[in-house]
Amino acid sequence: MTSRKQSTHQLPRNLFLVSFLIWINVAFAALVEVDFDRMGIVGLAGSFAGFDFSDNATFSFDQSTATFLSRTTDGSISPIASTNSGGRIVAGCTLANTFYFAGSFTSIGGTNASNIASYTLSTGSFAALAGGLDGEVDALYCDQSGGNLWAGGAFRAPISASDSQGFKGGVAVYNVKQNSWSTAPFSGLAGATARVRSITSNPAGSSLYFAGSFLTAFQSNTPQVTGTNNPNVPFSIGATPFSSSLVPIALTSTGTEINSSPSNSRPEFANITNALCPAGADGPNNTWLAQDGSTAVITVRTFEFSTASGLRLGNTFVEGRGTTAFSVLTIPDNQPLTFNYVDPITLSNKSCSESCPLGTDPSVLYQDFLFNGVPQSLTGVQITLTQWKGAGSGLHILQLLSSGAFASAVQSQNLASCFSPAASTSTLSGDWVPEQVSTSIAGTTQPILVASVNVGTPSSSSPSVTWLPYVSASGNYDINLLIPGCTNMQDCAFRTSVKVTINPGGGLPPVITTVRQDVTADATTGIYRGPIYPVGADLQTTITMELADSPFGTGQDGKFQLVADRVQLVLTSVNLTGATGSSFNGSTSSTAGAQTGFGFYEWNLNEKTTVDATGVIPNSTETPTDALGLQLFSALGNDTAADTKFIINAVATHSSGAIFVAGNFTLASGPANIVVFKDNNLVGLPNGGLNGPVNALSVIGDSLFVGGVFSDTASASSNGAFRGIVHYNVTSNTWDALLAGVNGAVTSINIANGKVDVTGSFTLLPTTPNSTTGASADGFATWNISGENWVNSGGFLQGSMSFVANGTGAASEFLAGSVSASRQFGGDGFAVLSNPKGNDDHPVVTPLSAQLDLGGGSTLTQQRRSLQTSPWFARRELVDLVSRQASGQPSALPASPVASAPSVLTGAFWTNTSSSAQTIVLGGNFSFTLGSVNFQNLAFYDPKQTSINGARGAQVNGTVRALEVSDNTLFVGGQFTLSGVQSSGLAIYDLKQQQWDTSFQGLQGSTVVIRSITSPPFKANTVVVAGNFTSAGTLPCQGICQFDTSLKQWAQLGSGIQGDVSTVLYTSNPDLLIAAGSIRLSDGTSANVAAYSFTNSTWSAVGQGTQIPGPVTACEVDNGNFSSIFAAGSSSDGSTPFLTFWNGLTWKTLDSTLQPATSISQLAMVPLRDTHAANGIIEPDRMLLISGTLESNAFGNASSALFDGSAFYPFLVASSSTGGPGFVSQIFHSFSSFSFSQRHFLPIGVVILISVAMATGIVFLLLLIGILWTLFSRRDHDGMAGKYESAEYDDDSLHRPSSLLAHINAATRGAIVGVGLESPYGDHKKNDLHSPTTEGYDNTPYIRSTDTPIDAAPGTLMAGEGDEIAREVHVRYSFEGGGEGELPVSAGTQVTVLDDRDPAWWYARDPNTGREGVIPASYLY
């Protein structure tokens, strides 16, 4: 085999020999480059559950270890490394293109690592993490923003840690950049079994949830809240519970200025204020649109100091418009802002700055974009809409989100916010005077109130102001008092201190603090930290300010001056239950004893303080969600000893704020193993939860997928259909089965690319609950969410898998477990093969997307062989090629490998003429279920829609081994019965009407087995059926018979044969059919390969029957050439497999390395993308693909191997569902014929030089012709003038390209491309021409003068390699194409133009047939 890019420079003879020998060794290791695309769609069929290409590195599996594997987006699986014996991998996540994984192990891939390690895909290397951890690791969380790796489990500390570092167990933090471990900010978690099983984040990514078996203790008790949601804020998946709790800043005040430019010219869309608080749906007067095709700028100026947390933007969809990207600058400092947001499609946390995406899904009402870090102090923002769809950008909603809530002492400043039923208010007592003061932000002022108080006035008699802020949702808040600086107001001497009383509401005790107002510059002073409750009948939060009980200072002129500005509430977390509040200095008006929580703890990543969570936790760090653990402990009976038997294994959050916790527990009130925390309460799920432990949870949209060791709900509501995995609909509060689940425990769930990937200890996807039949799934399965069905996972695994998670780079997922067998590609007996993409050397594999069941048809004993035909070869007489020889009784065909279900043994292609859609028809030994309907052994697969269906009506009861499509009729052959059809082994199905034909006469015999059904390419309305049978109706017709599809009548081929037929093929001679098997002619001649002449109706043995060692199970004619036939089978006694070659004169045995276990199912000649060294058997541009079960002392075991005439190249190795050897039955393709010849391309420089030389010669030739033309024209002018004047105009577009260029190409072929005209295959091959010829037979090779440039010398006039461009066009007029090299096409069809350099005729390919030829250019568009 030689490279396509082989150098053409001359090498010294010895150096060339050395290079060749080195290359041969490499060739056996590299995968042969088969050109699958030249054959159309190529299907691979057989009895296998998975396969590898032969050049994949061999991996040795040890089930006592944990194997670490990667999985690509197409599902293919590759093992990477294994742990030490007894190791386990149970957790993993990706951080900065590195994958971190953990469990219980001491080494991975030869690298010592204690329980945790990293893998870098780009280098393929493993690394330990600073010594590792001293115990098992159960959970990992990769903090993308902080760059840290959080680990949880049953360990105490890192191995390298000292006692002084304060590790308290259960949790540790790894700093990736510093390669070091540190304690968690809360030291660790203890109590119960002191084990952390899950680490997840809240939807905003601002805090972490730790779950497992541990106890927490908080300082104080607080009452629970009733309602926490604001019903006035419409829900959007683009928001989080946190962001939707932020009250929008009112932008409708008279002092606010909002400009937009350029705006749409239509008045109903030109006002930006339409979007501030739209009164209706997206449309006129509720939406603002930018000018068409223009970048728009929206400027919002409040001219006063505001504290904002982010933006709320709702896209418009008017007239197909919409904003797709934007950026924001602050006013007045013009700094770009960085936002955090939730992707409404993936529900993942993301960030953006200079170009932020705005979604275009109409179901997403708005998206909230929060400033990165802390709220921003600003006077406005400038929003630039940089990208759009449709005619231009626009917005339906535009809001500036506050830090939480706010209220002003000046009542006129308390305006109602959008989506709020009421505004904040303030009440006054005493005399207050309004003033307008400058703020610390240049050019801005702020209205405030001022009160003068006599020194010595008691607090109870002083003026006071009470703020009543509108609060959207309950949560933890920091309350700040804003104090104007005294320097600007020139009243520093009058300033004193005030008493501030905060009533949080909800029955919580008040918090009182004292604040000094003698600040020289504007100040924001914290006065409260803790829970605040939403506005309600008895839940109003109030903040009252009055003179302090012991005022600071002496005042001036006997006066104190009090100033009242605004109060600011900064939301820190949502969904409140938990501790009482406190002032910022820690003082409260009451205290209470500690509360205990179980199995759940939240830590705010923005928390600056550190605590010890193994002791009593200060209420300053308690979050509202910590109430989940408190309630869980109470619901479990408040028994710390009993809690050692309970554990929380998984946590998942929903966009509504609901938190699902699951594991192994039963609440005192009844719910078991899974509950939800929503609206501050722990609630059970329907039907009492689940009847077994839960190991994994995963959420996408409103769907929660639950995996574990259960089979039903606690109340047994599904009759066992929830085995191992179940779906819960969050919106409808209902359970749904994933068909019948899996037949074992589920350990891990990962959602990727719209599919749910599941690992565990299971082997089957049962068809019905508790069934022992179904699709094979050994430790790994994939559920299609949209299709609601189990689908092919893309790879093959056998084992007990423990873990799956999203990966990095080309490895979209990583998985691990105890593996006994693995193959890169999975498929229930079928896959589509196509040429590699990009720099990949391997064919692209597209497995059958559907899962086929293990049950189905009967066990296979034989299988059909396919055919390869081409009409492009020269014909030759047969008189001197066949002979007759007497023989004994024919031997039986050798038994083929057992094809246990599911197996696909044959395939065919059908193009629906009404829709032009191409369907792949599959037959074999399998079954599958759609809804409640079970289909058997025959399937229709749509490769574009990746959908599968079955035949309507009766189902094939047995095994299908042969398929053939004739127009809209499907012939089905095998060993089966069909209800409604009297005979067995053959059935006819109307593809258009989707019904069986029961009107034809069937085939008879003691055991009817149909192995081959073919349509002779040169004989219309005829189908040839072959196999094991004795008659067709009353017509004697043994082994092979022809069927007239129009008359529905059988006819014997000549005098018939005796024996079994395995394969039927055709040569380029339209008169000749080749049959192979165990055959004896009617005169007793042994002819395991026989030829039938349609013209003479006679059978003849091909060669000497004794030269073929035994019955033939597979046969191939090389591109229709009768002088090049390959046959394979086994000796008559079944002991020795063989491969033999007919060269036109004799049979020659080609191989002696095949071992007795070999069973060859098919021989198929396939084209190459490379070439191999020339020999006298197979041309350099092709190889013989040998499929079946192959065992050779030359290449070992394989399911398919390639043979170049002198050497074998193992190609594919398949495995069965049990991990044992599988086999390949056949490949089949959509093109009925194709060309083996390759196109060669020259460097551009050489092409230019050749073109210049040819152009120069043509110029001189044209000049000579012109001179001669002028001379003859003058001589004959008088006699011919009238004739030329009356001649009609001749349209060049109807003529073929000049043959001049074709002759030039042919003449220069040897010099330019290195292709000679003499056959390189020896004297006996001289008549075997491998390019199209004219009608008739000639022993002298030649090139047609009418060849197009591409036909005559591929690449002679083409650009450099890789510059070839093909394009799809349509046919305007039908073209019969009766001339040599012309391509017949029908109007309206689509063809691929390969060469359009000739202005009149274009060279094209018909993708439906694979044929190539020229078409008038004017016929195409």
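Residues numbered from 1 in each chain as written. Predicted model: local features only at pLDDT ≥ 70, side-chain atom pairs only at ≥ 80, totals over all residues. Heavy atoms only, no water.

**Observations concerning the overall build of the protein chain**
In step 1: Assigned secondary structure in the protein chain consists of eight helices and 92 strands.
In step 2: Scored against the burial criterion, the 1421 residues of the protein chain give a buried share of 55%.
In step 3: Residue pairs at least 24 apart in sequence account for 63% of intrachain contacts in the protein chain once pairs closer than 6 positions are excluded.
In step 4: When the accessible area of the protein chain is evaluated, it comes to approximately 55,400 Å², of which 51% is carbon and sulfur surface. (Helix = DSSP H or I, 4+ residues; strand = E, 2+ residues; numbered from the N terminus. Buried < 20%, exposed > 50% of the residue type's maximum accessible area, 1.4 Å probe, protein only. Contact = heavy atoms within 4.5 Å. Areas by Shrake-Rupley, 256 points an atom, 1.4 Å probe, with all protein chains shown as cover.)

**Section: the state of the cysteines**
In step 1: In this structure the tally under the stated criterion is five disulfides.
In step 2: Bridging Cys277 to Cys418, the disulfide has an S-S length of 2.1 Å. Between Cys277 and Cys418 the disulfide shows an S-S torsion of about 85°. By sign, it is right-handed. Of the two residues, Cys277 sits in the loop between α2 (267-270) and β18 (288-289) while Cys418 sits in the loop between β27 (404-408) and β28 (425-429), which places them 141 residues apart along the sequence.
In step 3: Here Cys352 is linked by a disulfide to Cys356, with a sulfur-sulfur distance of 2.0 Å. Between Cys352 and Cys356, the S-S torsion sits near 100°, and that sign places the bridge as right-handed. (Disulfide = S-S within 2.5 Å.)

**Some words on the confidence of the model for the protein chain**
In step 1: Here the protein chain averages 83 in pLDDT, and 84% of its residues register 70 or above.
In step 2: Here residues 575-580 is modelled with pLDDT under 50, and outside its nearest four sequence neighbours on either side it reaches 40 contacts, counting other chains as well.
In step 3: Every residue in residues 584-593 is under pLDDT 50, and counting partners more than four places away or in other chains gives 22 contacts. (pLDDT = per-residue confidence, 0-100.)

**Here we look at the environment of Asn84**
In step 1: Among the secondary structure elements, Asn84 is positioned in the loop between β4 (77-82) and β5 (88-95).
In step 2: Sequence-wise, Asn84 and Gly109 are 25 residues apart; in three dimensions their C-alpha atoms are separated by 8.5 Å.
In step 3: Discounting chain neighbours no more than four positions away, the residues touching Asn84 are Ser64, Thr65, Phe105, Thr106 and Ser107.
In step 4: Within the structure, Asn84 has its side chain in polar contact with the backbone nitrogen of Ser107 (distance 3.3 Å). (Polar contact = N/O pair within 3.5 Å; in protein donor to acceptor, adjacent residues only side chain to side chain.)

**Observations regarding the environment of Asp1044**
In step 1: Along the chain, Asp1044 falls in strand β74 (residues 1040-1044).
In step 2: Note: C-alpha distance between Asp1044 and Asn1021 (23 residues apart in sequence) is 5.7 Å.
In step 3: Ignoring anything within four residues of it in the chain, the contact list for Asp1044 reads Asn1021 and Gln1049.
In step 4: Side chain to side chain, Asp1044 and Ser1046 meet in a polar contact 2.6 Å long.
In step 5: A distance of 3.0 Å separates a polar side-chain atom of Asp1044 from the backbone nitrogen of Leu1047.

**Let's talk about a nonpolar patch on the surface**
In step 1: Taken together, the side chains of Leu1261, Leu1262, Leu1264, Ile1265 and Leu1268 define a hydrophobic patch exposed on the protein surface, amounting to about 450 Å² of accessible area.
In step 2: Mapped onto the elements of the fold, Leu1261 is located in helix α5 (residues 1244-1275). (Patch = residues over 30% accessible without salt bridge, like charges linked within 9 Å, V, L, I, M, F, W, Y side chains within 5 Å. Salt bridge = Lys/Arg side-chain N within 4 Å of Asp/Glu carboxyl O.)

**A word on the sheet that holds strand β37 (residues 559-564)**
In step 1: Sheet architecture is open: three strands sit in the order β29-β30-β37, paired in antiparallel fashion. The open sheet has two free edges, formed respectively by β29 (433-438) and β37, since each of these has just one partner strand. Sheet twist, expressed as the mean angle between neighbouring strand axes with direction ignored, is 40°.
In step 2: Strand direction decides the pairing type here: β29 and strand β30 (residues 445-454), joined by six bridges, are antiparallel. (Pairing = 2+ DSSP bridges. Axes fitted to C-alpha atoms, helices over the stretch in contact; angles between N-to-C directions.)

**Points about the sheet that holds strand β54 (residues 789-791)**
Sheets are built from strands paired through backbone hydrogen bonds, the pairs being either parallel or antiparallel.
In step 1: Across the sheet, four strands lie side by side as β49-β50-β53-β54; this open sheet has antiparallel pairing. Two strands in the sheet have a free side with no partner beyond their single neighbour: β49 (745-752) and β54. Taking each pair of neighbouring strands and ignoring which way they run, the sheet shows an average axis angle of 35°.

**What about the packing of aromatic side chains?**
Note on aromatic pairs: each is described by the distance of the centres and the angle between the planes.
In step 1: Inspection of the entire model under this criterion finds 55 aromatic pairs.
In step 2: With 5.5 Å between their ring centres and 85° between their planes, Tyr1373 and Tyr1419 make a pair best called edge-to-face. Within this pair, whereas Tyr1373 is found in the loop between β89 (1367-1370) and β90 (1390-1395), its partner Tyr1419 is found in the segment after β92 (1412-1416), the two being separated by 46 residues in sequence.
In step 3: Since its relative accessible area comes to 45%, Tyr1373 is described here as partly exposed.
In step 4: Through pairs of rings, three or more aromatic residues link up here, namely Phe68, Phe99, Phe101, Phe105, Tyr119, Phe126, Phe803 and Phe814.
In step 5: The lysine or arginine in question, Arg516, covers the ring of Phe552, its NZ or CZ lying 3.6 Å from the ring centre. (Phe/Tyr/Trp six-rings, centres within 6.5 Å; stacked < 30°, edge-to-face > 60°. Lys NZ or Arg CZ within 6 Å of the ring centre and 35° of its normal.)

**Describing the environment of Leu1072**
In step 1: Mapped onto the fold, Leu1072 is located in strand β77 (residues 1072-1081).
In step 2: Taking the relative accessible area as the measure of exposure, Leu1072 reaches 2% and is therefore buried.

**Considerations on the pairing of strand β20 (residues 322-331)**
In step 1: Of all ten residues in β20, eight are buried; the element is thus mostly enclosed.
In step 2: The sheet contact formed by β20 and strand β25 (residues 376-389) spans nine bridges and is antiparallel. By the bridge assignment, Val328 is partnered in β25 with Ile383.
In step 3: Where β20 meets strand β23 (residues 356-357), two bridges bridge the pair, whose relative direction is antiparallel. When the bridges of β23 are listed, Ala325 appears paired with Pro357.

**Here we look at the pattern of salt bridges**
In step 1: Taken as a whole and judged by the stated rule, the model has 29 salt bridges.
In step 2: Residue Arg38 is joined to Asp35 by a salt bridge in which the shortest nitrogen-to-oxygen separation is 3.3 Å.
In step 3: A cluster of three or more residues bridged by salt bridges with shared partners is formed by Glu136, Asp138, Arg195 and Arg197.

**Description of the pairing of β4**
In step 1: As defined by bridge partners, strand β3 (residues 67-71) adjoins β4 across five bridges and the pair is classed as antiparallel. Note that in β4 the partner of Leu69 across the bridge is Pro79.
In step 2: In sequence, β3 turns back onto β4 through a hairpin of five residues, with Gly75 there showing a positive phi of about 95°.

**A word on the side chain of Arg566**
In step 1: Tracing the backbone shows Arg566 in strand β38 (residues 566-574).
In step 2: If sequence neighbours within four positions are ignored, Arg566 has contacts with Phe305, Ala407, Ser408, Gln446, Trp467, Asn480, Leu481 and Leu482.

**Points about unusual backbone geometry**
In step 1: Following Ser261, the chain continues to Pro262 via a peptide bond in cis, the omega torsion being -10°.
In step 2: Mapped onto the elements of the fold, Pro262 is located in the loop between β17 (257-261) and α2.
In step 3: For Asn673, which is not glycine, the phi dihedral falls at a positive 70°.
In step 4: Within the fold, Asn673 resides in strand β43 (residues 672-678).
In step 5: Owing to a relative accessible area of 6%, Asn673 belongs among the buried residues under this scheme.
In step 6: Residues other than glycine seldom take positive phi values, yet Asn1021 does so here, at roughly 55°.

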